[in-house]
Amino acid sequence: WLKSRPLQKATSQFEEALACVARPTSTAMVIKTELCHFTEYRIYPGRGQRFIAKDGKVSFFITSKVDSLFHQRIKAVKLR
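First, a word on scope: everything that follows refers to the structure included in this document. (Residues numbered from 1 in each chain as written. Predicted model: local features only at pLDDT ≥ 70, side-chain atom pairs only at ≥ 80, totals over all residues. Heavy atoms only, no water.)

1. Structural notes on helix α2 (residues 64–71)
- Along α2, the residues that are buried comprise Val66, Asp67 and Leu69. Here the buried residues of α2 occupy an arc of 165 degrees about the axis, which is enough to place them on one side. In this structure, α2 carries Ser64 and Lys65 as exposed residues pointing more than 90 degrees from its buried face.
- Considering only its buried residues, α2 is in contact with β3 (49–52) and β4 (58–61).
- Directly after α2, the chain includes arginine 73, whose backbone phi takes a positive value near 60 degrees. (Buried < 20%, exposed > 50% of the residue type's maximum accessible area, 1.4 Å probe, protein only. Helix = DSSP H or I, 4+ residues; strand = E, 2+ residues; numbered from the N terminus. Arc of directions from axis to C-beta. Contact = heavy atoms within 4.5 Å.)

The structure is reproduced here in structure tokens:
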């Protein structure tokens, strides 16, 4: 009087339900980064200093040390 479903049909229904829930998403989070004007390192949001010169040229520096070296007119190539 109790009819049981075939095992194969039950597992296929379970796999379909599991596939709907556990589907991997292929979307990646994009973070806008800028480049340091002096070192060319990536600067992530919340880091670095932006310097705007009198002529309107924008420079973005990763640390205050880099900012200081730029304003002392020391070239990055000569530091090595």
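2. Description of the pattern of salt bridges
- Applying the stated rule across the entire model yields one salt bridge.
- The salt bridge partner of arginine 50 is glutamate 34, with a shortest N-O separation of 3.5 Å. With arginine 50 in strand β3 and glutamate 34 in strand β1 (residues 34–35), this residue pair connects regions lying 16 residues apart in the sequence.
- For arginine 50, a relative accessible area of 48% corresponds to the partly exposed category.
- Overall, glutamate 34 belongs to the partly exposed group, its relative accessible area being 29%. (Salt bridge = Lys/Arg side-chain N within 4 Å of Asp/Glu carboxyl O.)

3. Observations regarding the nonpolar core
- Counting residues in hydrophobic clusters, the biggest one holds seven residues: Cys36, Phe38, Ile43, Phe60, Phe61, Val66 and Leu69.
- Of all the secondary structure elements, the ones that give two or more residues to this core are β4 and α2.
- The contact partners of leucine 69, leaving out residues within four places of it in the chain, are Phe38, Ile74 and Leu79. (Core = buried A, V, L, I, M, F, W, Y, C linked by side-chain atoms within 4.5 Å.)

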